[in-house]
Amino acid sequence: MSAAGSQFLKAPNSTLDESAPSALAARVRSAVHVIGAGLLGASVGLGLRERGVDVTLEDQSPTTVALAADYGAGRLRTAQDPEPALVVVATPPDVTADVIERALTTYPNAVVTDVASVKLAPYLELLRRGLDLKNYVGSHPMAGRERGGAIMARADLFVARPWVICRDHETPAEALALVEDVALDLGATPLEMTPEEHDRSVGLVSHLPQVISSLLAARLIPASEQAVGLAGAGLRDTTRIASSDPELWVQILGANRAPVVDLLDAFGKDLASFADALRDPEQTGAKRRIADLLSSGNRGVARIPGKHGSSERFTSIMVLIDDTPGQLGRLLTELGELGINMEDLRLEHSPGAQIGFAEIAVLPEVAERAVTDLVERGWRTL
Ligand SMILES: NC(=O)c1ccc[n+]([C@@H]2O[C@H](COP(=O)([O-])OP(=O)(O)OC[C@H]3O[C@@H](n4cnc5c(N)ncnc54)[C@H](O)[C@@H]3O)[C@@H](O)[C@H]2O)c1
Ligand SMILES: O=C(O)C(=O)C[C@]1(C(=O)O)C=C[C@@H](O)C=C1
């Protein structure tokens, strides 16, 4: 296993130039075969199809595969299809090693990658089975959504996101290049890590946040309707991923338990220290301890690159909308009339309030004009 530290394999590619020729299409003559046509698999399929790459799909669920094909993520393999040059395994972590083994056996000349959220456990399992892993290159796109399934797939899911590639020191350069091309074609930034480095890192930036978000949201269950009704952006921001699929996360957390348990123990100490200081804020030094802990949070959050993920490419404009029928429709129509392309939309609405906010994401270069034109038409912006 490579002992190299994390490093970018190619210059970070933060914007997806859809007109650029697909690196992958130039390198492979056959279709890319995706096994597992849920959120990740169908998103890979949609994104590669947009770049002109032929994609075939497989799933244990015939309905899922048909749905993903209907959405345009790829087609079914036929007997005429030659062996794929590349197989992408996008199945749940607990079956990932089995599916990789099957892919390596069925398509002995293909490069096989997977997108599972944990990298060490499947790799060790494949080693334990004594398989020849020269054609296997594990990977993990740091992009996803809180809900799975083909229906949630998006072609731009991976744009501007890191895509970790875990190669073995025996991995042939061409195999590495194929997986790297998938990431680049999908607008992601490939970078290299060992499986251990990967699992420790995602323990901190993905698995710990999932547990904390879920436990935080769980505190809302016994709360009154009135209390929950006051929820604002802070709670929404910190609990989005609490809607994630428990079954998938039981697998992810179980496969990365050692780093996650260490992180949870340390986090538990932080919580206890905070509660101690707050219990008696008049004791000497307590206020400073509270402030120090809060300002460590400021320093930590400042370290998150592109805090809002792919939306860092866009500028947000908050538009106040009256809580009357047709207001949002009118806003969207007027944006169209003004020739402003809305990249994303988020609505914030407090029950009982006469006003709501529409947070629209637009390209930075049109943001100023969008605000001026909307204000001219009588909209109030923040
Ligand atoms: N959801 C995320 O945000 C996210 C992000 C990055 C990576 N991942 C990883 O991607 C993988 C897929 O996650 P997802 O969110 O797309 O899940 P999903 O449930 O949306 O899709 C998984 C698909 O795999 C299929 N499947 C299960 N066992 C199979 C088998 N033996 N053979 C063929 N198909 C099989 C299921 O029918 C399902 O359609 C997981 O390993 C996950 O850790 C998920
Ligand atoms: O943003 C989300 O909804 C995610 O679930 C993304 C996220 C993450 O934690 O960043 C979750 C798990 C995956 O392994 C990779 C990405």
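Going by the structure above, here's the rest.
Everything in this summary refers to the structure shown in the same document.

Thresholds applied
The written sequence of each chain sets the order in which its residues are numbered from 1. Think of it this way: whatever chain is written first is A, whatever ligand is written first is 1, and the rest follow in order. In keeping with the predicted nature of the model, local features appear solely for residues at pLDDT of at least 70, side-chain atom pairs appear and are counted solely at 80 or more, and the whole-chain, interface and lining totals rest on all residues. The numbering of helices and of strands both runs from the N terminus, where a helix is a DSSP run of H or I of at least 4 residues and a strand a run of E of at least 2. For the radius of gyration, the atom set is restricted to C-alpha positions; the globular benchmark scales as 2.2 Å times the number of residues to the power 0.38. Here a residue counts as buried when 20 or more other C-beta atoms fall within 10 Å of its C-beta, as exposed when 12 or fewer do, and as partly exposed in between; the C-beta atoms come from the backbone. Among buried residues, those of type Ala, Val, Leu, Ile, Met, Phe, Trp, Tyr and Cys that are joined through C-beta atoms within 7 Å form a set called a nonpolar core. All the domain ranges listed were derived from an automatic or database domain assignment. Our contact criterion uses C-beta atoms placed from the backbone: two residues qualify when those atoms are within 7 Å. We call a residue near a molecule or strand if the C-beta atom, set from the backbone, is within 6 Å of it. For this classification, Asp, Glu, Lys and Arg are treated as charged, while Ala, Val, Leu, Ile, Met, Phe, Trp, Tyr, Cys and Pro are nonpolar and the rest, including Gly, are polar.

### A look at the overall build of the protein chain
Helix and strand counts for the protein chain come out as 14 helices and 13 strands. Taking 21 Å as the expected radius of gyration for a compact globule of 382 residues, we find that the protein chain reaches 23 Å, a close match to that expectation. Dimensions of the protein chain, computed from C-alpha atoms along their principal axes, come out at roughly 65 × 60 × 40 Å. Out of the 382 residues belonging to the protein chain, those deemed buried represent 33%.

### Considerations on the nonpolar core
Ala-73 and Val-88 are the most contacted members of the largest nonpolar core, which has 67 residues in total. Per-domain counts for this core show at least three residues from each of domain 1 (7-194) and domain 2 (200-301). With sequence-adjacent residues up to four places away left out, Ala-73 is seen in contact with Ala-37, Ala-42, Gly-45, Leu-46, Arg-49, Val-55, Leu-57, Ala-68, Ala-150 and Ala-153. Counting eight residues, the second largest nonpolar core, distinct from the first, contains Ile-317, Ile-360, Val-362 and Trp-379.

### Structural notes on the site of ligand 2
As a structural note, the neighbourhood of ligand 2 is formed by Ser-117, Met-142, Ala-143, Gly-144, Arg-145, Glu-146, Ser-206 and Ile-241. A class-by-class count of the residues in the shell around ligand 2 yields three nonpolar, three polar and two charged.

### Details of the site of ligand 1
In the vicinity of ligand 1 there are 27 residues, among which Gly-36, Gly-38, Ser-117, Gly-144 and Gly-148 approach most closely. Where the shell around ligand 1 is concerned, the elements lending two or more residues are helix H2 (39-50) and helix H4 (93-106). Top contributing element to the shell around ligand 1 by residue count: H4, with four residues. Class assignment for the residues of the shell around ligand 1 results in 13 nonpolar, twelve polar and two charged.

Taken by themselves, the reported measurements are silent on function.
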